[in-house]
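Each chain, letter by letter, is given below.
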Amino acid sequence: MTAESTLSAVPAAPASQAPPPGRTPPTAARAKRRAWDEAPRWQIYLPLGIYLLFTLVPFYWILLFAVRPAGSTSLLPWPMTTAHFEKVWTERNFAVFFQNSLLIGVAVLISTTVVALAGGYALARFDFRIKKGFMLALLCSQFVPGALLLVPLFQIFAELRMINSLGSVVIAETVFQLPLSMILISGFIKNVPYSLEEAAWVDGCNRFHAFRIVVLPLLRPGLVAVGSFAFVHAWNHFLFALMFLSSQEKQTIPVGLNTLMGADSVDLGALAAGGVIAAVPVVVVFAFIQKWLVTGFSAGAVKG
């Protein structure tokens, strides 16, 4: 056997196949992705800076009017004064408004979280005949504005003698927060493996104890998201408090801010100070719960 025949018997190495038309070669795709990841920093910071400018300038403007003396036109908060805060807190009765808003917000937070937790567990773990229709009704209820139900709600609360009572606002806010809260909680519970509860049942726990010991600790981000959403909505909502609370001793922060705007003139310093007082609790709440809030909303939105 000659050398030529030996070489011809050895199979030739397969030639590198060209990528199909319309598809980027792997090396080129990796290089393109690396170039995208290593984009210049100004392309990231410039849009973020513009967004922060449009977001923070209104807040700075409100703070400037709140701490600037009356009649001043300075663009810097100097000299500073607390006269506007003292005026709205004492003369304008904002101390009472703040207390009422805080009571309503905490009550709505607790009631919404407890009821949404029970309803969300039922939607996530049980199958019943009208489940799909009930979920559709929950979704459709989000398209109904609260102003359309003011008249029937007012009549119901009048029959129950709950007009000018903080309880009427708590009930109305809770009812309007429940659909979205139940959907979020049910989506979050679906992400908890059902086998964990079954293992607890095997160990001797009933359904309630298994839920309390196994499932409830895993729902902390979802509960924080739902509770914070309910609190902020109840804190900022204006319509229900305006319609159901008639006396000044029962009014809330949004209604109190509305009283600072007269028909002919507006006290900008007092209005700005009231706005700062109204924004402080919400900012503090979100500063402490932001990491749980993002996790809770993203997990509750995922289909289990």
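Criteria and cut-off values
Residues numbered from 1 in each chain as written. Predicted model: local features only at pLDDT ≥ 70, side-chain atom pairs only at ≥ 80, totals over all residues. Heavy atoms only, no water. Salt bridge = Lys/Arg side-chain N within 4 Å of Asp/Glu carboxyl O. Helix = DSSP H or I, 4+ residues; strand = E, 2+ residues; numbered from the N terminus. Buried < 20%, exposed > 50% of the residue type's maximum accessible area, 1.4 Å probe, protein only. Core = buried A, V, L, I, M, F, W, Y, C linked by side-chain atoms within 4.5 Å. Contact = heavy atoms within 4.5 Å. Expected span 1.5 Å × (residues − 1). Polar contact = N/O pair within 3.5 Å; in protein donor to acceptor, adjacent residues only side chain to side chain. Axes fitted to C-alpha atoms, helices over the stretch in contact; angles between N-to-C directions. Parallel < 35°, antiparallel > 145°, perpendicular 65-115°, else oblique. Left-handed = near helix turned anticlockwise from the far one by under 90°. Nonpolar A, V, L, I, M, F, W, Y, C, P; charged D, E, K, R; others polar. Phe/Tyr/Trp six-rings, centres within 6.5 Å; stacked < 30°, edge-to-face > 60°. Lys NZ or Arg CZ within 6 Å of the ring centre and 35° of its normal.

1. Description of the pattern of salt bridges
Here's step 1: In this structure the tally under the stated criterion is two salt bridges.
Here's step 2: Arg125 is the partner of Glu197 in a salt bridge, and the nearest nitrogen-oxygen pair spans 2.6 Å. With Glu197 in helix α9 (residues 194-202) and Arg125 in helix α5 (residues 94-125), this pair connects stretches of sequence that are 72 residues apart. Across this residue pair, the class does not change: Glu197 and Arg125 are buried.
Here's step 3: Its salt-bridge partner being Asp127, residue Lys131 comes within 3.3 Å of it at the nearest N-O pair.

2. A few points about the nonpolar core
Here's step 1: By size, the foremost hydrophobic cluster in this structure holds 22 residues, and its most contacted members are Leu117, Ile185, Ile189, Phe211, Val215 and Leu219.
Here's step 2: Looking at this core, the elements with two or more residues in it are α5, α8 (166-190), α10 (207-215) and α11 (220-236).
Here's step 3: Among all residues touching Val215, those that are not within four sequence positions of it are Val192, Glu197 and Ala210.

3. What about α11?
Here's step 1: With 17 residues, α11 extends 24 Å between its outermost C-alpha atoms, agreeing within 8% with the 24 Å of an ideal straight helix rising 1.5 Å per residue.
Here's step 2: Extensive coverage of α11 is indicated by the burial of 12 of its 17 residues.
Here's step 3: Those residues of α11 that sit buried are Pro221, Gly222, Leu223, Ala225, Val226, Gly227, Ser228, Ala230, Phe231, Val232, Ala234 and Trp235.

4. What about the side chain of Arg68?
Here's step 1: Within the secondary structure, Arg68 sits in the loop between α3 (42-67) and α4 (83-91).
Here's step 2: By relative accessible area, Arg68 is classed as buried at 8%.
Here's step 3: Those residues in contact with Arg68 that sit more than four places away from it in its chain are Thr73, Ser74, Pro79, Thr81 and His84.

5. Comments concerning the environment of His209
Here's step 1: Its location among the elements puts His209 in helix α10.
Here's step 2: Along the backbone, His209 and Glu197 are 12 residues apart, and their C-alpha atoms lie at a distance of 9.5 Å.

6. Things to note about the side chain of Ser168
Here's step 1: By secondary structure assignment, the location of Ser168 is in helix α8.
Here's step 2: Separated by 3.4 Å, the side chain of Ser168 and the backbone oxygen of Met162 make a polar contact.
Here's step 3: A distance of 2.6 Å separates a polar side-chain atom of Ser168 from the backbone oxygen of Ser165.
Here's step 4: Leave out the neighbours within four places in its chain, and Ser168 touches Phe157, Met162 and Phe244.

7. Quick word on the packing of α8 against α11
Here's step 1: The N-to-C vectors of α8 and α11 enclose an angle of 160°; their axes lie 10 Å apart at closest approach. By the angle class used here, α8 and α11 are roughly antiparallel. Once α8 is placed against α11, the crossing between them reads as right-handed. Contacts between α8 and α11 involve Glu173, Gln177, Leu180, Ser181, Leu184, Ile185 and Phe188 from the former and Pro221, Gly222, Leu223, Val226, Phe229, Ala230, His233 and Ala234 from the latter.
Here's step 2: Taken together, the residues of the contact of α8 with α11 sort by class into 10 nonpolar, four polar and one charged.

8. Points about the packing of aromatic side chains
Here's step 1: Under the definition given, this model contains 11 aromatic pairs.
Here's step 2: Centroid distance Phe98 to Trp235: 5.3 Å. Interplanar angle 80°. Geometry classified as edge-to-face. A residue pair is termed long-range when its members are at least 10 positions apart, and Phe98 in helix α5 and Trp235 in helix α11 qualify at 137 residues.
Here's step 3: Accessibility expressed as a relative area gives 22% for Phe98, which makes it partly exposed.
Here's step 4: Since its relative accessible area comes to 1%, Trp235 is described here as buried.
Here's step 5: Taken together, a centroid distance of 6.0 Å and an interplanar angle of 75° make the contact between Tyr121 and Phe126 edge-to-face.
Here's step 6: Assessed through its relative accessible area of 8%, Tyr121 is described here as buried.
Here's step 7: The ring centre of Phe65 lies 4.6 Å from the NZ or CZ of Arg68, which sits over that ring.

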